[in-house]
Amino acid sequence: MSIIWFTLIISSFYENYKVIFLSGIYSIILSIYFFYNKGQIDSVSYTDLIYLILLEIFIIIHMILNLKINKNARMEEKKNEELLKSILDSVNIVSWNFDVETKEFTFSEGINKISGYKKQDFKENINLWREVVHPKDRENIKKAIKDIYNGKSKVVETRIITKKGLEKWIQIRTIPNVDNYKKVIGINGVIIDITDRKYAEEKIKYMAYHDVLTELPNRIHFNNQFIKILSEVKQKNQKMAVLFIDLDKFKNINDTLGHNMGDLLLKQAANRLKKSLRETDFICRIGGDEFIILLKDITKEHVKKLAQRIVNTFKDPFILNKHILFVTPSIGISIYPDNGIDIETLIKNADDAMYLAKKKGKNNYQFFDSIKENI
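Residues numbered from 1 in each chain as written. Predicted model: local features only at pLDDT ≥ 70, side-chain atom pairs only at ≥ 80, totals over all residues. Heavy atoms only, no water.

(A) Summary view of the overall build of the protein chain. On a plain count of helices and strands, the protein chain comes out with 14 helices and 12 strands. For the protein chain, buried positions account for 40% of its 375 residues. (Helix = DSSP H or I, 4+ residues; strand = E, 2+ residues; numbered from the N terminus. Buried < 20%, exposed > 50% of the residue type's maximum accessible area, 1.4 Å probe, protein only.)

This is the structure in structure tokens:
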């Protein structure tokens, strides 16, 4: 009888319906054989044999159903694991943990997609994760680590340098594991690739502060820069200048040749203006064919030289789609603090001076002080 039960038990380890079924048939046949073999079990009656066979049938059915349930459960678990892996891979998420005692990192497969390094690379070089972090962001990571070792969960956004030398943005979410004494013994977390999101944010920010056509800063950017420079020149007791520039005859060109030609002209004019300036000078387009330049730490002589350089820059014709166009600038200049101490006054006075330049034949520059002389 022990052989009968041993056969059934062994068959369950194979996890195969056919093996269990054949083992069950084999055990039933053995039971019948032993019953008719009077020399083996004289005390067994027909009723006992029937009960034994029914029990074996019940065990076979139970084993088959149990096998089916376990297989379905394992298949569902595997399916869920594959689905989770697919989701993590599709959104570039990496799960990771850190053992404080061994100083060892363990990453999921996605780390290769994000960083270019394999999981094994981080095991072979325990300092690799530090080396991957962008040099300018390492100090922030150090501060975050201190908070984590104090038992705080952290969400940190940082740049990394991939194995191929590319710069990426990642978000690191961490949850420290503590023991009964509130000592951190491990850290779990996820890493999310947020490069696309960061670039989108930077693009939106850029568009908010720059002119789409010329890619120069816009009026909002100019206002912010003015406040910054004003504070600086006040502290150093310096002067600054506002140059208001309008392109002569631009409206005629725009009306006769079309807006597309006008846009091309504005782009080239913006490039010429930028090339005329120092690195510390600031230029923006405030609309149409009007530009403003902000100069800090200047003297009147320096402003004259710069204004003349701009006028000279426009002596060469603009060649646009086989059209040869001559465009000149009229420039008005106001000086801080002589002609105003706030942005509105300085721009208005520079604008008034620009109209004086147009009145005097265009293609020249005029200081706001000159208006009084020409009244």
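(B) Structural context of the packing of aromatic side chains. Tallying each qualifying case throughout the model produces 10 aromatic pairs. Aromatic side chains Tyr-117 and Phe-122 sit 6.1 Å apart centroid to centroid with 75° between the ring planes, which places their arrangement in the edge-to-face category. Just as Tyr-117 is buried, Phe-122 falls in that class too. Judged by centre distance (6.4 Å) and plane angle (35°), the ring pair of Phe-222 and Phe-226 falls under tilted. Residue Phe-222 and its partner Phe-226 are both found in helix H9 (residues 219-236); the two are separated by four residues, about one turn of the helix. The residues Phe-222 and Phe-226 share a single accessibility class, namely buried. Following the ring pairs from residue to residue traces out a cluster consisting of Trp-96, Phe-98, Phe-105, Phe-107, Tyr-117, Phe-122 and Trp-129. Across from the ring centre of Phe-318, 3.6 Å away, lies the NZ or CZ of Arg-272, which sits over that ring. (Phe/Tyr/Trp six-rings, centres within 6.5 Å; stacked < 30°, edge-to-face > 60°. Lys NZ or Arg CZ within 6 Å of the ring centre and 35° of its normal.)

(C) Expanded view of the pairing of strand E3 (residues 154-161). As judged from the eight bridges shared by E3 and strand E4 (residues 167-178), these two strands associate in the antiparallel manner. Note that in E4 the partner of Val-156 across the bridge is Ile-172. Turn length for the E3-E4 hairpin, with the two strands adjacent in sequence and antiparallel, is five residues, and the turn residue Gly-165 shows positive phi of about 85°. (Pairing = 2+ DSSP bridges.)

(D) Seen up close, the layout of surface pockets. The calculated volume of the largest pocket comes to roughly 560 Å³. Along the wall of the largest pocket there are 29 residues; nearest its centre are Trp-96, Phe-105, Trp-129, Ile-141 and Ile-145. Sorting elements by how many residues they give to the lining of the largest pocket places helix H7 (residues 138-149) first, with five residues. For the lining of the largest pocket, a count of residues per class yields 22 nonpolar, four polar and three charged. (1 Å grid on protein atoms, 1.4 Å probe; cavity = no way out; pocket = protein on both sides within 12 Å on 5 of 7 lines; lining within 4 Å. Points joined across faces, edges and corners; volume = space filled by probe spheres on them. Nonpolar A, V, L, I, M, F, W, Y, C, P; charged D, E, K, R; others polar.)

(E) Spotlight on the pairing of strand E5 (residues 184-193). Here E5 lies mainly inside the structure; seven of its 10 residues are buried. Pairing between E4 and E5: nine bridges, direction antiparallel. Bridging across to E5, Asn-177 finds its partner in Gly-186. Between E4 and E5, which pair antiparallel and follow one another directly, the connecting turn spans five residues, one of which, Lys-182, has a positive phi of 65°.

(F) Spotlight on the side chain of Asp-289. Assignment of secondary structure puts Asp-289 in the loop between strand E7 (282-287) and strand E8 (290-296). Within the buried set, Asp-289 has no salt-bridge partner at all; the shortest N-O distance to an opposite charge, 5.9 Å, is to Lys-358. Of the polar contacts made by the side chain of Asp-289, one reaches the backbone nitrogen of Leu-247; its length is 3.4 Å. Every residue in contact with Asp-289, bar those within four places of it in the chain, is listed here: Ile-245, Asp-246, Leu-247, Phe-250 and Leu-266. (Lys, Arg positive; Asp, Glu negative; His and termini not counted. Salt bridge = Lys/Arg side-chain N within 4 Å of Asp/Glu carboxyl O. Polar contact = N/O pair within 3.5 Å; in protein donor to acceptor, adjacent residues only side chain to side chain. Contact = heavy atoms within 4.5 Å.)

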